[in-house]
Amino acid sequence: MSSYVGVLVSDPWLQSQFTQVELRTLKSKFVSNKTQLERFTVGDLPPVFAKLKAFNGTIDEDEIKSVLDKSYSNADEEVDFETFLRAYLSVQARGVEKTGGSKGSSSFLKTSTTTVHHAINESEKASYVSHVNNYLRDDPFLKSYLPIDPATNAFFDLVKDGVLLCKLINVAVPGTIDERAINTKKTLNPWERNENLTLGLNSAKAIGCTVVNIGTQDIAEGRPYLVLGLISQIIKIQLLADLNFKKTPSLFQLVDDTQDAEELMGLAPEKVLLKWMNFHLKKAGYEKQVTNFSTDVKDGEAYAYLLNALAPEHSTHVALDTKDPTERAKKVLEQAEKLDCKRYLSPKDIVDGSANLNLAFVAQIFQNRNGLTVDSSKTSFAEMMTDDVETSREERCFRLWINSLGTATYVNNVFEDLRNGWVLLEVLDKVSPGSVNWKHANKPPIKMPFKKVENCNEVVKIGKELRFSLVNVAGNDIVQGNKKLLLALLWQLMRYTMLQLLKNLRSHSQGKEITDADILNWANRKVKRGGRTSQAESFRDKNLSSGMFFLELLSAVEPRVVNWSLVTNGETEEDKKLNATYIISVARKLGCSIFLLPEDIIEVNQKMMLILAASIMYWSLQQQSDTESNVSEDATDEGDASSVAGEITNLSIDGGSESSPTSQDQELLTKADKDEDEVDGENNKDA
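Residues numbered from 1 in each chain as written. Predicted model: local features only at pLDDT ≥ 70, side-chain atom pairs only at ≥ 80, totals over all residues. Heavy atoms only, no water.

Asks: Help me understand a negative patch on the surface in this model?
Replies: Together, Asp256, Asp257, Glu262 and Glu263 make up a negatively charged patch on the protein surface. By secondary structure assignment, the location of Glu263 is in helix 13 (residues 258–265). Exposure remark for Glu263: the relative accessible area of 46% places this residue in the partly exposed category. (Patch = residues over 30% accessible without salt bridge, like charges linked within 9 Å, V, L, I, M, F, W, Y side chains within 5 Å. Areas by Shrake-Rupley, 256 points an atom, 1.4 Å probe, with all protein chains shown as cover. Salt bridge = Lys/Arg side-chain N within 4 Å of Asp/Glu carboxyl O. Lys, Arg positive; Asp, Glu negative; His and termini not counted. Charge placed at Lys NZ, Arg CZ, Asp CG, Glu CD. Helix = DSSP H or I, 4+ residues; strand = E, 2+ residues; numbered from the N terminus. Buried < 20%, exposed > 50% of the residue type's maximum accessible area, 1.4 Å probe, protein only.)

Asks: Where do I start with helix 9 (residues 163–172) in this structure?
Replies: One full turn of an α-helix is made of 3.6 residues, so residues set three or four places apart face in the same direction. In terms of burial, helix 9 is largely enclosed, as 9 of its 10 residues are buried. Among all positions in helix 9, only Val163, Leu164, Leu165, Cys166, Lys167, Leu168, Ile169, Asn170 and Ala172 are buried. In this fold, the buried residues of helix 9 make contact with helix 7 (122–136), helix 8 (154–158), helix 10 (190–206), helix 11 (216–220) and helix 12 (224–239). (Contact = heavy atoms within 4.5 Å.)

Asks: What is the right way to read the packing of aromatic side chains from this model?
Replies: What describes a pair of aromatic rings is the distance from one ring centre to the other and the angle between the planes of the rings. By the definition in use, this model includes 16 aromatic pairs. Look at Phe245 and Phe252: their rings are 3.9 Å apart centre to centre, the planes differ by 15 degrees, and that puts the pair in the stacked class. Classification of Phe252 as buried rests on a relative accessible area of 4%. Here the aromatic rings of Phe468 and Tyr496 are separated by 5.8 Å at their centres, their planes lie at 75 degrees, and the arrangement is edge-to-face. Of the two residues, Phe468 sits in the loop between helix 24 (449–465) and helix 25 (475–479) while Tyr496 sits in helix 26 (residues 483–503), which places them 28 residues apart along the sequence. Comparing Phe468 with Tyr496 shows no difference in burial state: the two are buried. A network of ring pairs unites the aromatic residues Phe30, Phe40, Phe49, Phe81, Phe84 and Tyr88 as a single cluster. (Phe/Tyr/Trp six-rings, centres within 6.5 Å; stacked < 30°, edge-to-face > 60°.)

Asks: Would you explain unusual backbone geometry in this entry?
Replies: Peptide bonds are mostly trans, and most non-glycine residues show a negative phi. Cis rather than trans, the peptide bond between Leu146 and Pro147 has omega equal to 0 degrees. Among the secondary structure elements, Pro147 is positioned in the loop between helix 7 and helix 8. Following Pro444, the chain continues to Pro445 via a peptide bond in cis, the omega torsion being 0 degrees. Among the structural elements, Pro445 can be located in the loop between helix 23 (422–431) and helix 24. Backbone geometry at Asp340 places phi at a positive 60 degrees, although glycine is not the residue there.

Asks: Would you mind showing me how to read the packing of helix 15 (residues 301–310) against helix 17 (residues 325–337) here?
Replies: For any two helices packed against each other, the geometry is given by the interaxial angle and the distance between the axes. The geometry of helix 15 relative to helix 17 is characterised by a closest axis approach of 9 Å and an angle of 25 degrees between their N-to-C directions. Comparing their axes, helix 17 and helix 15 come out roughly parallel. The interaxial crossing formed by helix 15 with helix 17 has left-handed handedness. Counted together, Glu301, Tyr303, Ala304, Leu307 and Asn308 of helix 15 and Arg328, Val332, Gln335 and Ala336 of helix 17 form the full contact between these two elements. (Axes fitted to C-alpha atoms, helices over the stretch in contact; angles between N-to-C directions. Parallel < 35°, antiparallel > 145°, perpendicular 65-115°, else oblique. Left-handed = near helix turned anticlockwise from the far one by under 90°.)

Asks: Could you clarify how one ought to interpret the packing of helix 7 against helix 9 in this entry?
Replies: In contact at an axis separation of 11 Å, helix 7 and helix 9 are set at 75 degrees when each is read in the N-to-C sense. Regarding the angle of helix 7 to helix 9, the classification is roughly perpendicular. Along the contact surface, helix 7 presents His131, Val132, Tyr135 and Leu136, while helix 9 presents Leu164, Lys167, Leu168 and Val171. Classifying every residue of the contact of helix 7 with helix 9 gives 6 nonpolar, 1 polar and 1 charged. (Nonpolar A, V, L, I, M, F, W, Y, C, P; charged D, E, K, R; others polar.)

Asks: Looking at this structure, I do not really get helix 15. What am I missing?
Replies: The buried fraction of helix 15 amounts to 7 of the 10 residues, a majority that puts the element mostly inside the structure. Listing the buried residues of helix 15 in full gives Ala302, Tyr303, Ala304, Leu306, Leu307, Asn308 and Leu310. The inward-facing, buried residues of helix 15 abut helix 14 (269–283), helix 16 (318–321), helix 17, helix 18 (347–352) and helix 19 (355–368).

Asks: Teacher, can you tell me more about the nonpolar core here?
Replies: Residues Phe155, Trp276 and Met277 are the most contacted members of the largest nonpolar core, which totals 177 residues. When residues in this core are grouped by element, the largest group, 13 residues, is from helix 26. The contacts of Trp276, once residues within four sequence positions are left out, are Leu254, Leu306, Leu310, Val362, Ile365, Phe366, Arg369, Asn370 and Leu372. Phe40, Phe55, Val67 and Leu68 belong to the second largest nonpolar core, which has 27 residues in total. (Core = buried A, V, L, I, M, F, W, Y, C linked by side-chain atoms within 4.5 Å.)

Below, the structure written as structure tokens:
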């Protein structure tokens, strides 16, 4: 490993808001001030923050004090490092709001939540409100609040209780949220409102949104630039949902051979949309190449060619003959209206080159009429590109997990985007801060194949240092796109991350390594102490498919989170599906960031069962960490007479020792290695 040590924060969300450079800088400032002052309090923060380069000239000491006064009622409260970081984020948000700047880039699905310049655009706001009015107008709960007037701030008031956010996510990706888990009452108490918002944010991450610098409080306060940024991402996911080979096999018409098909699969959805647009423009005789949804379309000429090609029955040369860009844009939208494709933008938005709204407009055209046909000569591409169901589910899970970490690179396809090793290095730096020596890394774009191999060799080297099972695995295996190897590596990364989070709750684990058996024993003990009878023999226990064990576990850690009147006995396949869907939403509502599907529970996917149980365990122990100043009360709640720390320690005594696990538990403990052993065997065979 490299010689420097990364800064680790126990809260994964908080950790994801900063790069290691930022964390080291802020840690240095924190330690310096804490050393100089006898007590470092909230009241000391304004002058400290005012001197930081990040806020220099944008927000003064008085404004910083005003921001912190809203979040911290007691200025004499002593500050720890995590409080310091949270306060920094609050001040940063105010600075961004004030200057109209942004913390990150404006790439698709990356930082819309922090890009104020776009988010406060009134045209975008009106378009998003129109979208909500159109798709949710018949919703039984929301219809009494719709339509929303885009000229007012009613939209920001309506999102504050989380119901609209959850409903819109289900419109974008149907079935993501079990609507039985949404608290829908005219008046919600703070607990119920926070549950809805937590469910919404965790579900947004689970469909591919990158939630940067936004929490439940931001939505509860109706902060316009953050709310619109998140809503924008959700709407884009909905509009671009069909831009993949699974939903639209006819996209293979855009490629000539297998290599082109593989490249197309690795493209971001908006890049596929551009490729589709240029495919039709070329056929229509348009000589220019459209490379963006802003400057390249603002004259309206490309739209005129595209619509004439896709809808010859409405074809007209009036738009092309019009010289004035605004007039041409009007003619284009008149033609688009005949295809019901006018909702998202105005002539001014085209002329101004509004990237988000032009993207939405083109995506709507694609949805309504893509102009592609199924080419029988290219059906072999589709067959070659189709993964088995389990592989597709795992790819989806790991892709969403990686994007939730806040890495700089957004992943659209695990099997394509990770082959140069860069993203894997980013992930390693997130899950094991300081493990990557960036001087040894090659940053994309990487043209030379050996540079990709160098990156991937570094990934394998670090993985072995983290004690991953990577026998006979070389960097070239990753570059070549060995799917089984890649999935096995990502599983070990995800498992390592979860176990480290549990270990880092030092007051509970006392620094000891947490094992899979510890998690299983904790879950069984928790359910038993909750007065329930379910017990899991292992994370392969077929009885888990009914969902009852996880529902009882969720109820044990937070009794009021499960509505038992909605639970089935889990005997039929339909009942299992209902329970599994409910479990995922309840866990997210509680605060668990998870990416499994109902099928993973029904089929008892051992890996996902472990992560689900570990996520619930982490949430439960985290709540105790937040209140561990009253140790005796927490210990009583857990049924221990000694201390809260005894909960993890006792696992080894009560059933986690080496001699006590069942044979299935022993299988569980080595399952991660077994997957890799199979891969190792393949490599040996190839050798």
